[in-house]
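Each chain, written out:
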Amino acid sequence: MDALLKTIQDRAGSDPVRLGLILGSGLGHLAESVEGVAIDYGDLPGFPHAGVSGHNPKLVIGQLEGVRVAVFGGRAHYYEKGDPTAMRLPLEVLKALGAEQVLLTNAAGSLKDGMGPGELMLLSDHINFSGRNPLIGEATDARFVNMTDAYDRQIRAALDAAARAAAVTLHTGVYAWYSGPSFETPAEIRALKVLGADAVGMSTVPEVILARFLGLKAAAVSVVTNMAAGMSSEVISHAHTKAMAPIGAAKLEQVLRQYLQGL
Ligand code: HPA
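Conventions we followed
Residues numbered from 1 in each chain as written. Predicted model: local features only at pLDDT ≥ 70, side-chain atom pairs only at ≥ 80, totals over all residues. Heavy atoms only, no water. Helix = DSSP H or I, 4+ residues; strand = E, 2+ residues; numbered from the N terminus. Rg over C-alpha atoms; globule rule 2.2 N^0.38 Å. Contact = heavy atoms within 4.5 Å. Areas by Shrake-Rupley, 256 points an atom, 1.4 Å probe, with all protein chains shown as cover. Lys, Arg positive; Asp, Glu negative; His and termini not counted. Charge placed at Lys NZ, Arg CZ, Asp CG, Glu CD. Near = heavy atom within 4 Å. Polar contact = N/O pair within 3.5 Å; in protein donor to acceptor, adjacent residues only side chain to side chain. Salt bridge = Lys/Arg side-chain N within 4 Å of Asp/Glu carboxyl O. Buried < 20%, exposed > 50% of the residue type's maximum accessible area, 1.4 Å probe, protein only. Axes fitted to C-alpha atoms, helices over the stretch in contact; angles between N-to-C directions. Left-handed = near helix turned anticlockwise from the far one by under 90°. Nonpolar A, V, L, I, M, F, W, Y, C, P; charged D, E, K, R; others polar.

1. Let's talk about the overall build of the protein chain
Turning to step 1, where the next piece is worked out: Helices and strands together make up the secondary structure of the protein chain, namely seven helices and nine strands.
Turning to step 2, where the next piece is worked out: The C-alpha atoms of the protein chain give a radius of gyration of 17 Å, which matches the 18 Å a tight globule of 263 residues would have.
Turning to step 3, where the next piece is worked out: Along the first, second and third principal axes, the C-alpha atoms of the protein chain reach 50 × 45 × 35 Å.
Turning to step 4, where the next piece is worked out: Restricting the contact set of the protein chain to residue pairs at least 6 apart, pairs at least 24 apart contribute 83%.
Turning to step 5, where the next piece is worked out: For the protein chain, the computed accessible surface area is about 10,800 Å², with 50% contributed by carbon and sulfur atoms.
Turning to step 6, where the next piece is worked out: Counting 22 positive and 26 negative side-chain charges, the protein chain places the centres of these two groups 2 Å from one another.

Listed below in structure tokens is the structure:
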């Protein structure tokens, strides 16, 4: 960790960052809005390799709307190697860089009529439908993380206000983590609806568990790229996810900029 931190701070300076931003599928270009230093994940031992197309595997540290941020242009997913701790090191680095909070973004399928492709959903809570947990094997009592209000109420209120100010509709709902990489079946989506999910995706949940474990405040926004399996005639695919994500990403950028201005 010390060597990693030194590599980053030698290149990007050692002023503390205020927050981290983890970008989801098709949202990686947001990193280009930051005025700062970009470091390839390949130069950061232990960081995930560029496993999924549509991501931009760089750590960018610099100013966005006058706030010093660390933007993770790509993430590792559980489905790549079956490792739910895949994002632990980047989150530990974020904490060591001085961040107090992490904002996570993802591409997701919608289970809610009236929340279609291109729409944004602020996560109020999640359902760990995968049953995997990144803290399995952690030896101390710190592993018993309280997940009530895991999605920070103050940050959520500020993001809601930012969306209103930016005139962007921000839905609120529960995100279910499905391991992937195959998409869900229509029967699984019906089951998830009964369980109370509003959106489904293949990331974010292990990262929020790790963030809370590390003492980082967390919030997350889904960019809806499709109606979930069985809910519409559109064909679900990763290519479709990547094609649709930029529509929501443009709105997300407006909300995030507005949020940062208010910090
Ligand atoms: N399911 C899971 N993950 C996703 C979806 C989906 O429908 N769309 C984008 N990511």
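Now that the structure has been shown, the text picks up again.
2. Brief notes about the site of the ligand
Turning to step 1, where the next piece is worked out: Around the ligand, the surrounding shell consists of Ala-107, Ala-108, Gly-109, Phe-183, Glu-184, Val-200, Gly-201, Met-202, Thr-225, Asn-226 and Thr-241.
Turning to step 2, where the next piece is worked out: Interatomic distance of 3.4 Å between a side-chain N/O atom of Thr-225 and a nitrogen atom of the ligand.
Turning to step 3, where the next piece is worked out: Contact with the protein chains removes 96% of the 260 Å² of surface that the ligand exposes when unbound.
Turning to step 4, where the next piece is worked out: Elements supplying a minimum of two residues to the shell around the ligand: strand E5 (101-110), strand E8 (199-201) and strand E9 (217-227).
Turning to step 5, where the next piece is worked out: Examining the composition of the shell around the ligand, we find that three residues originate from one element, E5, more than from any other.

3. Section: the pattern of salt bridges
Turning to step 1, where the next piece is worked out: Under the criterion given, the structure shown has 10 salt bridges.
Turning to step 2, where the next piece is worked out: Glu-119 is paired through a salt bridge with Lys-251; the nearest N and O atoms lie 3.9 Å apart. Here Glu-119 is found in the loop between E5 and strand E6 (120-127), whereas its partner Lys-251 is found in helix H7 (residues 238-261), with 132 residues between them in sequence.
Turning to step 3, where the next piece is worked out: On the basis of relative accessible area, Lys-251 is assigned to the partly exposed category, the value being 25%.
Turning to step 4, where the next piece is worked out: Each of Glu-65, Glu-253 and Arg-257 takes part in salt bridges that share partners, so that together they form one network.

4. Digging into the environment of Phe-183
Turning to step 1, where the next piece is worked out: Along the chain, Phe-183 falls in the loop between strand E7 (170-177) and helix H5 (186-195).
Turning to step 2, where the next piece is worked out: Each C-alpha atom, one on Phe-183 and one on Ala-228, is 8.9 Å from the other, the two residues being 45 residues apart in sequence.
Turning to step 3, where the next piece is worked out: Ignoring anything within four residues of it in the chain, the contact list for Phe-183 reads Tyr-178, Met-202, Ile-236, Ser-237, His-238 and Thr-241.

5. Regarding the packing of helix H4 (residues 153-165) against H7
Turning to step 1, where the next piece is worked out: Contact geometry of H4 with H7 gives a least axis separation of 8 Å together with a crossing angle of 115°. Along this stretch, H4 crosses H7, giving a crossing that reads as right-handed. On H7, the residues touching Ile-155, Ala-158, Leu-159, Ala-162, Ala-163 and Ala-165 of H4 are Val-255, Leu-256, Gln-258 and Tyr-259.
Turning to step 2, where the next piece is worked out: Residues that form the contact of H4 with H7 fall into these classes: nine nonpolar, one polar and no charged.

6. Regarding unusual backbone geometry
Turning to step 1, where the next piece is worked out: With omega at 0°, the peptide bond leading from Gly-180 into Pro-181 counts as cis.
Turning to step 2, where the next piece is worked out: Tracing the chain through its elements places Pro-181 in the loop between E7 and H5.
Turning to step 3, where the next piece is worked out: Positive phi, normally seen in glycine, also occurs at Ala-167, with a value near 55°.
Turning to step 4, where the next piece is worked out: Inspection of the secondary structure assignment puts Ala-167 in the loop between H4 and E7.

The values reported here are purely geometric and, on their own, carry no functional implication.
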